Amino acid sequence: MALNPGIVAIVAGIVATIVVFALFIASRYRKFKTNEYVIHLRNGVVKSAGRGGKIIKAPLIDEIIVIPTTTRKTLLNSSEKILSREYQDVKISAILYWRVSDPSIAFNAVVWDRNSNDYVERVLSTATEAIIRTTCASLTIEKILCDRTEIIKMISDQLLNLTKDWGIVIESLEIIEAQVLDADLKDNMEAVKKVQEKQKAKMSAATSAEIYKLKEIDVQRQADLANKELAIQIQEREMRRAEIEAESYKKSILIRAEADAEAIKLRRLAEFQADAEGIRIKMAAEAEGIQKQVDALSSAGEQFMSLKLIEQLPEVFSHLSPDKMIVMGEGNQGFNSIIQSVLPLLQILPEFNKQLNEGAKSNKKPIMDSLKKIGAV
């Protein structure tokens, strides 16, 4: 069956149109990374803004602005000469590291069109070179060449002040190279630098030797100090040991003294007990003898008591020492008066014997009470 050429032409046209449209769409398709802030403008109005994503850019009416949010690097190589304070030509090459901190502010503050003269990177480069020239004009060549830290700080401070409202952060500034353009001046400065370096090397060597000696002295001093500390520690341990021994000896003396005192106390107590026992035995013996005497007296008759009393009369009268003795009466009457004085004593013997017998039987009252009762004492 033969195909109709007209139908084939129509189908081919449709396919071709689809392919062309697909290619057109593919050419207008844009895909962005998450570290890119994308602003989609349509007819000059922001349609969408955000990090990453994909956009199909319509021709003529759409515009896409991409603001990178990662750290960017801008090379600074001054096109004009830089003069020092001595009016000497100096060339400085540096690298500026910066980053967009707020894309919405940065979009309104600076231009992000690479083809524009006001493109943000060109603005930063121009501003930094101007700050470098102004800063170096107040510094000496030696300062510019040797003290880069101060130059970097001065330039960074001015850049931060310039870009604080741009939504941009200046992270750092590095000076790659700083050189003098005058060859003769450069050679002279290098010669001076070599001499200074030699002097520094000599001073460094001397300082190193001195430091080595000082370290040796310090090591020796530390060793001596360690030995002294060790000796002090040993002495302290010995003193502590002596204190412990003295304390132990003191305690042993106290314990021994307490033991001796206890022994003496017990020995004295035993002696006292023995003496008391001896006294008790002696008194018991004496009491027994007295009791025997009492028993004997209680069992004796009146004649025996009279005889005993007469035996004791000399002992009684031996303790009497009268200067004079007057006997009343004459002759036989005087003798009779003596007898009459003794007879009352003899008359009380029966009663005294009676009281002794009663005391021996009852054993309740002592002999002295009996004597008091009968009037003998």
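Conventions we followed
Residues numbered from 1 in each chain as written. Predicted model: local features only at pLDDT ≥ 70, side-chain atom pairs only at ≥ 80, totals over all residues. Heavy atoms only, no water. Axes fitted to C-alpha atoms, helices over the stretch in contact; angles between N-to-C directions. Helix = DSSP H or I, 4+ residues; strand = E, 2+ residues; numbered from the N terminus. Parallel < 35°, antiparallel > 145°, perpendicular 65-115°, else oblique. Left-handed = near helix turned anticlockwise from the far one by under 90°. Contact = heavy atoms within 4.5 Å. Nonpolar A, V, L, I, M, F, W, Y, C, P; charged D, E, K, R; others polar. Expected span 1.5 Å × (residues − 1). Buried < 20%, exposed > 50% of the residue type's maximum accessible area, 1.4 Å probe, protein only. Salt bridge = Lys/Arg side-chain N within 4 Å of Asp/Glu carboxyl O.

(A) Looking closely at the packing of helix α3 (residues 120-136) against helix α5 (residues 148-163). Where α3 meets α5, the closest approach of the two axes is 10 Å, and the angle between their N-to-C directions is 140 degrees. When the interaxial angle is binned, α3 and α5 end up oblique. Read as a crossing pair, α3 and α5 show a hand that is right-handed. Of the residues in α5, those in contact with L124, A127, T128, I131, I132 and T135 of α3 are M154, I155, Q158, L159, L162 and T163. For the contact of α3 with α5, the class distribution of residues is eight nonpolar, four polar and no charged.

(B) Representation of α3 in the model. With 17 residues, α3 extends 24 Å from end C-alpha to end C-alpha; this agrees with the ideal 24 Å at 1.5 Å per step. Turning to α3, its buried residues number three or more, namely V120, E121, L124, S125, A127, T128, E129, I131, I132, T135 and C136. Considering only its buried residues, α3 is in contact with β4 (72-77), β5 (82-83), β6 (89-100), α4 (141-146), α5 and β7 (168-180).

(C) Spotlight on the pattern of salt bridges. Enumeration according to the criterion identifies eight salt bridges in this entry. D147 is paired through a salt bridge with K143; the nearest N and O atoms lie 3.1 Å apart. Under the relative-accessibility criterion, D147 is labelled partly exposed at 25%. Bridged by salt links that share partners, the residues K143, D147 and E150 form one connected network.

(D) Quick peek at the environment of K57. The topology assignment puts K57 in the loop between β2 (45-56) and β3 (62-68). For K57, a relative accessible area of 23% puts it in the partly exposed group. Distance in space between the C-alpha atoms of K57 and Y29 is 6.3 Å, their sequence separation being 28 residues. Setting aside residues no more than four positions away along its own chain, K57 makes contact with R28, D62, E63 and I64.

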